[in-house]
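Chain and residue survey
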Amino acid sequence: MFLKPIYLRCALLLCGVTLLSACDRKAAEQSETMVIEGKTMGTFYRVSLAGVDKSREAALREQIEAQLKEDDHQLSTYKEDSVLSRFNQYQGSVPQPISAGMADAIVTSMRIGMLTGGAMDITVGPLVNLWGFGPDKQPVKTPTPDQIAAARKLTGLQHLKVIQQSDGQYLQKDLPGMYVDLSTVGEGYATDHLARLIEGNGISNYLVSVGGAVVSRGHNAKGNPWQVAIQKPTDKETAVQAIVDLQGMGISTSGSYRNYYELDGKRLSHIIDPATGSPITHKLVSATVIAPTALEADGWDTGLMVLGTHKALALAEKQHLAVYLITKEGDTFKSYMSPQFKAYLKDPE
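Residues numbered from 1 in each chain as written. Predicted model: local features only at pLDDT ≥ 70, side-chain atom pairs only at ≥ 80, totals over all residues. Heavy atoms only, no water.

Before going further, it helps to examine the overall build of the chain. Across its full length, the chain carries 11 helices and 18 strands. Contacts spanning at least 24 positions in sequence make up 63% of the contacts within the chain whose residues lie at least 6 apart. As displayed, the chain offers around 15,400 Å² of accessible surface, 52% of which is attributable to carbon and sulfur atoms. (Helix = DSSP H or I, 4+ residues; strand = E, 2+ residues; numbered from the N terminus. Contact = heavy atoms within 4.5 Å. Areas by Shrake-Rupley, 256 points an atom, 1.4 Å probe, with all protein chains shown as cover.)

Quick look at the structure:
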């Protein structure tokens, strides 16, 4: 398990995936939406396929489950024998072999980390664990400044290096106690892999999601573009803030309003600011990003959440990002979006 539970983190609802109910079953099987879904890595996955014969469902489900199992084996911080866990347990500086997919996820994360000024930092694992949002148990007391300072000394993207060689990819650290946490991009990583798997089966009309990351291509069973609803930052699963047409892109939402706990009378978000070593406290409660891949969207949304509303919007303008932000001000919510995001709205505000 490397992903946050769906009841804690997922901020997207799938729309336009209604099954058809035709009288002629054989005809319906050619036109209805096939839905394959289940639990994986501490969250839920859902694969919606249009125009796919029902006879293919069992084989597709087997492939999907195998792919998700492999992704979990690569990135999990909850399983001691995963590739990432073994790297975190290793106390030396010799480059360790990793898969091409994992190398791509780390390189993408490090690039976004640089562009966000370190706000998106996959080496923040020691702080995530210190605050009780990793495999470790939640603390019974608020971490002390000394504990936070000690954990921060084990972080920093400059201490991590991806090495590409003719025989494969390797990951190297120069801090023995460094702990890499890829949960911030895990959902996007897995979603992109499922999308490639579906396309590899010759299917061009699909919508796939793992947790809060989604990718779609083509049209649904009714011939309409797949649509995704951004959930309002509340505990109500059906409260919709906006609906978007992905147009073949990936989307991911990060929010501070569901994955949290209370300690010493304070509500603590799972999103840690690497600059302070503590959970974020600003008014930004949700950041949604549309990008060419779910992996990129998943990386950007975390970085923007750390930055806060004004810095996030400024960076979105500079990097031409499609971004939708929601802030909580008192008992009300306010939304902000970049010009690029507005092009994806079904009903522009």
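And the narrative resumes.
The buried fraction of strand 8 (residues 213-217) is high, at four of five residues. Judged from the five bridges that link them, strand 7 (residues 206-210) and strand 8 form a sheet pairing that is antiparallel. Considered in strand 8, the bridge of S209 is made with V214. Hairpin connection between strand 7 and strand 8: a loop of two residues separates the two successive antiparallel strands, and G211 in this loop has a positive phi of roughly 60 degrees. Across three bridges, strand 8 lies against strand 11 (residues 250-255) in antiparallel orientation. Considered in strand 11, the bridge of V214 is made with I251. (Buried < 20%, exposed > 50% of the residue type's maximum accessible area, 1.4 Å probe, protein only. Pairing = 2+ DSSP bridges.)

Bringing helix 8 (residues 183-200) into the picture now. The terminal C-alpha atoms of helix 8, which comprises 18 residues, lie 26 Å apart, in line with the 26 Å expected from a rise of 1.5 Å per residue. In terms of burial, helix 8 is a largely internal element, 14 of the 18 residues being buried. Positive backbone phi, at 75 degrees, marks G202, one or two positions downstream of helix 8. (Expected span 1.5 Å × (residues − 1).)

As a further point, take the nonpolar core. Ranked by internal contacts, the top residues of the largest apolar core, which has 42 residues, are M102, I106, I122, L160, V180 and L182. The set of elements that each furnish at least two residues to this core consists of helix 4 (83-89), helix 5 (100-115), strand 5 (160-165), helix 8, strand 16 (284-291), helix 9 (294-307), helix 10 (309-319) and strand 17 (322-329). Sequence-distant contacts of L182, that is, excluding residues within four places in its chain, are made with L75, L84, M102, I106 and I122. The next biggest cluster of nonpolar side chains, apart from the first, holds 22 residues, and it includes V47, A190, V208 and V210. (Core = buried A, V, L, I, M, F, W, Y, C linked by side-chain atoms within 4.5 Å.)

For M41, which is not glycine, the phi torsion reads 55 degrees and is therefore positive. Position of M41 relative to the elements: it lies in the loop between strand 2 (33-40) and strand 3 (43-50). Relative accessible area serves as the criterion here: at 7%, M41 is assigned to the buried category. Backbone geometry at Q247 places phi at a positive 55 degrees, although glycine is not the residue there. Positionally, Q247 belongs in the loop between strand 10 (240-245) and strand 11.

Right, let's talk about helix 9 for a bit. Taking 1.5 Å per residue as the helical rise, helix 9 with its 14 residues ought to reach 20 Å, and the 20 Å between its terminal C-alpha atoms agrees with that figure. Among the residues trailing helix 9, G308 stands out with phi positive, at a value near 90 degrees.

Time to look at the sheet that holds strand 5. The three strands are arranged 4-6-5 in an open sheet whose pairing can be described as antiparallel. Edge positions in the open sheet fall to strand 4 (96-98) and strand 5, since each of these has one partner strand only. Along the sheet, successive strands turn relative to each other by an average axial angle of 35 degrees, direction set aside. Relative to strand 6 (residues 168-173), strand 4 is paired through three bridges, and the arrangement is antiparallel. Bridge pairing links P97 to Y170 in strand 6. (Axes fitted to C-alpha atoms, helices over the stretch in contact; angles between N-to-C directions.)

Each aromatic ring pair is specified by the distance between its two centres and by the angle formed by the two planes. Summed over all chains, the structure comprises one aromatic pair. Measuring from ring centre to ring centre gives 5.2 Å for Y324 and F341, while their planes differ by 40 degrees; the resulting arrangement is tilted. Of this pair, Y324 sits in strand 17 while F341 is found in helix 11 (residues 339-342), placing the two residues 17 residues apart along the sequence. Exposure class is identical for Y324 and F341. Each is buried. Looking at K173, its charged tip hangs above the ring of F87, at a distance of 4.7 Å from the centre. (Phe/Tyr/Trp six-rings, centres within 6.5 Å; stacked < 30°, edge-to-face > 60°. Lys NZ or Arg CZ within 6 Å of the ring centre and 35° of its normal.)

Attention now moves to the packing of helix 5 against helix 9. For the pair helix 5 and helix 9, interaxial distance at closest approach is 10 Å and the crossing angle is 40 degrees. By the angle class used here, helix 5 and helix 9 are oblique. Classified by chirality, the crossing of helix 9 by helix 5 is right-handed. Side by side, helix 5 and helix 9 meet where D104, A105, T108, R111, I112 and L115 of the first sit next to L295, E296, G299 and W300 of the second. A class-by-class count of the residues in the contact of helix 5 with helix 9 yields five nonpolar, two polar and three charged. (Parallel < 35°, antiparallel > 145°, perpendicular 65-115°, else oblique. Left-handed = near helix turned anticlockwise from the far one by under 90°. Nonpolar A, V, L, I, M, F, W, Y, C, P; charged D, E, K, R; others polar.)

To continue, consider the confidence of the model for the chain. For the chain, the average pLDDT comes to 85, and 83% of its residues sit at 70 or higher. Under a pLDDT of 50 for its full length, residues 1-30 has, in the predicted model, 100 contacts with residues more than four places off or in other chains. (pLDDT = per-residue confidence, 0-100.)

Within strand 6, five of the six residues are buried, which leaves it mostly tucked inside the rest of the structure. Here strand 5 runs beside strand 6; their pairing, made up of six bridges, is antiparallel. Bridge pairing in strand 6 links I163 to Y170.

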